[in-house]
Amino acid sequence: MTVVARAERFASLDMFRGATIFLMIVVNTAGAGQPFTQLVHAPWIGFTLADLVYPSFLFAVGNAMSFALTRPMAERTFLRRIFKRALLIFLLGFLMYWYPFVARAADGSWAIKPLAETRVTGVLQRIALCYLLAGLLARYLSPRWLLAAAIALLSAHWAILVGMSPPGEAFGRYRNSGTLLDLWLIGPDHLYRKDQGFDPEGLLGTLPATVNVIAGYLAGVAIQRWGKHAATVKRMALIGAGLVIAALLLAPVLPVAKKLWTGSFVLLTVGLDMILLGAVIGAVEVKGVRVGRAFLQMLGRNPLAIYLFSELLVVTMELIRIRPGVGLYRWIGETWFQALAPGSIGSLLCALAYTLLCCWFGRALDRRGIILKV
């Protein structure tokens, strides 16, 4: 087990996680109208602000892990807890995609949604797998060897993607080795339905995505050792800038692509997260800024519950059809927010209003001391 110098809690780490979940909901629930370009994922190769959200959440998972693994824990207890938690997160993700467990038939009637057609991969499922793999590595490896393991994971992903894909298909959508693995092992009925068999949370992408968690863990360990100082902020900014530059230099041969989760994408997102987290530490821990602190910490204490609520509620609202093909959420976006501010601003205002509703739910849980722990 890796032992760090201290386990003092940093408010900035919780705030970083809270800001990430807030932006995640905004991106996932854009209202009617054309969203701002930076709030939409890059269609394939490229990068937008929206593409930073998911890896930032994985980075925050690693931050939290850096505190959890400092607690003395028997081997059997550790293994039971980490496997149980990963299994429960995976199961929650699977049930979230199966929800509402019924589907509208062609004649307008309702029928049980076939379990055999439910997506197996997904956001929470990838978080579960990355958490499990990163947690096991962090438990048994020193920080130096953990860094080596991260490099090995990125190298393995690149080698499989380039070496095992059909000629010219390594960075394509439908015939790269990751997609072929998903189709063979999981089958098209259990993959993402909106992209004709390609799944952006496929199994192969778990390898590089785990590096985002490992990076968050190593950052958390370093922050605890370095302390709440301006020098810590400077170090994080320099490391982050170096990683961003490395990603840009790699991009011509290893494109930045979230949906493939390429190594350059990992370097870019980890670099940006280091810079952003360093900025939060500088403002909160060094300068003592308190604006938004309580709000973001509240979100950061219960991110899983708030995320699940946001996903399930919008699905439920869309089940309520106001007119053919238009659910309640889309109708609200069209009728209220597009009338108030047509175009991208109206879309953003709708998403912000919905996100604040989810934050209200999180605050209600927080005031009652309810934290969803798995």
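Being a predicted model, the structure only gives us computed values, none of them experimental.

## Topic: the overall build of the protein chain
A count of helices and strands for the protein chain gives 13 helices and 4 strands. Computed over C-alpha atoms, the radius of gyration of the protein chain comes to 21 Å, within 12% of the 21 Å expected from 2.2 N^0.38 for 374 residues, which places it in the range of a compact globule. For the protein chain, buried positions account for 49% of its 374 residues. For the protein chain, restricting intrachain contacts to residue pairs at least 6 apart in sequence, the fraction spanning at least 24 positions comes to 75%. Looking at charge distribution, the protein chain has the averaged site of its 36 positive side-chain charges lying 10 Å from that of its 18 negative ones.

## Some points on a nonpolar patch on the surface
A cluster of nonpolar residues, Trp-110, Val-315, Leu-319, Ile-320 and Ile-322, forms a patch on the protein surface that exposes about 400 Å² of accessible area. Position of Ile-320 relative to the elements: it lies in the loop between helix H11 (303-319) and strand S3 (321-323).

## Remarks on the pattern of salt bridges
Where charged atoms from two side chains of opposite charge approach closely, those side chains can pair. In the structure shown here, the tally under the stated rule is 9 salt bridges. The partner of Arg-17 in a salt bridge is Asp-14, and the shortest N-O contact between them spans 2.7 Å. Here Arg-17 pairs with Asp-14, and both are found in helix H1 (residues 11-28), just 3 residues apart, close to one helical turn. A single network of salt bridges, built from pairs that share partners, joins Arg-119, Asp-199, Glu-201 and Lys-258.

## Section: the environment of Ala-215
Looking at the element boundaries, Ala-215 is found in helix H7 (residues 206-226). Residue Ala-215 is classed as buried on the basis of its relative accessible area of 14%. As for Ala-215 and Ala-150, which are separated by 65 residues in sequence, their C-alpha atoms are 8.1 Å apart. For Ala-215, the residues in contact, after removing those within four places along its chain, are Phe-59 and Val-270.

## What about the side chain of Asn-212?
For Asn-212, the location among the structural elements is in helix H7. Looking at Asn-212, the relative accessible area reads 0%, which means it is buried. Beyond its immediate chain neighbours, meaning those up to four positions away, Asn-212 contacts Pro-55, Leu-58, Phe-59, Trp-261, Val-266, Thr-269 and Val-270.

## Here we look at empty space enclosed by the protein
Summed over the entire model, instances satisfying the criterion amount to 3 cavities of 30 Å³ or more. A volume near 120 Å³ is recorded for the largest cavity. The wall of the largest cavity is formed by 17 residues, among which Asn-176, Gly-178, Gly-205, Lys-259 and Leu-260 lie closest to the centre. Listed by contribution, the elements that provide at least two residues to the lining of the largest cavity are helix H5 (143-163) and helix H6 (177-185). Tallying contributions element by element places H6 first for the lining of the largest cavity, with 3 residues. Per-class residue counts for the lining of the largest cavity are 7 nonpolar, 6 polar and 4 charged. Here the second largest cavity defines a volume of roughly 50 Å³.

## Structural notes on the nonpolar core
Leu-58, Phe-59, Met-65, Leu-124, Ile-127, Leu-277 and Leu-299 are the most contacted members of the largest nonpolar core, which has 82 residues in total. With residues up to four places along the chain from it excluded, the contact list for Leu-277 reads Ser-12, Leu-13, Phe-16, Phe-59, Asn-63, Ile-223 and Met-236.

## With respect to the packing of helix H2 (residues 49-68) against helix H4 (residues 123-140)
Relative to each other, H2 and H4 sit at 35°, their axes nearing to 11 Å. For the pair H2 and H4, the crossing hand works out as right-handed. Here H2 contributes Tyr-54, Phe-57, Leu-58, Val-61 and Met-65 to the contact with H4, which in turn contributes Val-123, Arg-126, Ile-127, Cys-130, Tyr-131, Ala-134, Gly-135 and Ala-138.

## With respect to H4
With 18 residues, H4 should cover 26 Å at 1.5 Å per step; its first-to-last C-alpha distance of 26 Å lies within 8% of that length. With 13 of 18 residues buried, H4 is to be regarded as a mostly interior element.

## Describing the packing of H11 against helix H13 (residues 344-367)
Where H11 contacts H13, the two axes come as close as 10 Å, and the packing angle between them is 130°. Classified by the angle their axes make, H11 and H13 are oblique. For the pair H11 and H13, the crossing hand works out as right-handed. Across the interface between the two elements, Ala-305, Ile-306, Phe-309, Ser-310, Leu-313, Val-314 and Met-317 of H11 pack against Tyr-354, Leu-357, Cys-358, Phe-361, Gly-362 and Leu-365 of H13. Looking at the contact of H11 with H13, its residues break down into 11 nonpolar, 2 polar and no charged.

Criteria and thresholds
Residues numbered from 1 in each chain as written. Predicted model: local features only at pLDDT ≥ 70, side-chain atom pairs only at ≥ 80, totals over all residues. Heavy atoms only, no water. Helix = DSSP H or I, 4+ residues; strand = E, 2+ residues; numbered from the N terminus. Rg over C-alpha atoms; globule rule 2.2 N^0.38 Å. Buried < 20%, exposed > 50% of the residue type's maximum accessible area, 1.4 Å probe, protein only. Contact = heavy atoms within 4.5 Å. Lys, Arg positive; Asp, Glu negative; His and termini not counted. Charge placed at Lys NZ, Arg CZ, Asp CG, Glu CD. Patch = residues over 30% accessible without salt bridge, like charges linked within 9 Å, V, L, I, M, F, W, Y side chains within 5 Å. Areas by Shrake-Rupley, 256 points an atom, 1.4 Å probe, with all protein chains shown as cover. Salt bridge = Lys/Arg side-chain N within 4 Å of Asp/Glu carboxyl O. 1 Å grid on protein atoms, 1.4 Å probe; cavity = no way out; pocket = protein on both sides within 12 Å on 5 of 7 lines; lining within 4 Å. Points joined across faces, edges and corners; volume = space filled by probe spheres on them. Nonpolar A, V, L, I, M, F, W, Y, C, P; charged D, E, K, R; others polar. Core = buried A, V, L, I, M, F, W, Y, C linked by side-chain atoms within 4.5 Å. Axes fitted to C-alpha atoms, helices over the stretch in contact; angles between N-to-C directions. Left-handed = near helix turned anticlockwise from the far one by under 90°. Expected span 1.5 Å × (residues − 1). Parallel < 35°, antiparallel > 145°, perpendicular 65-115°, else oblique.

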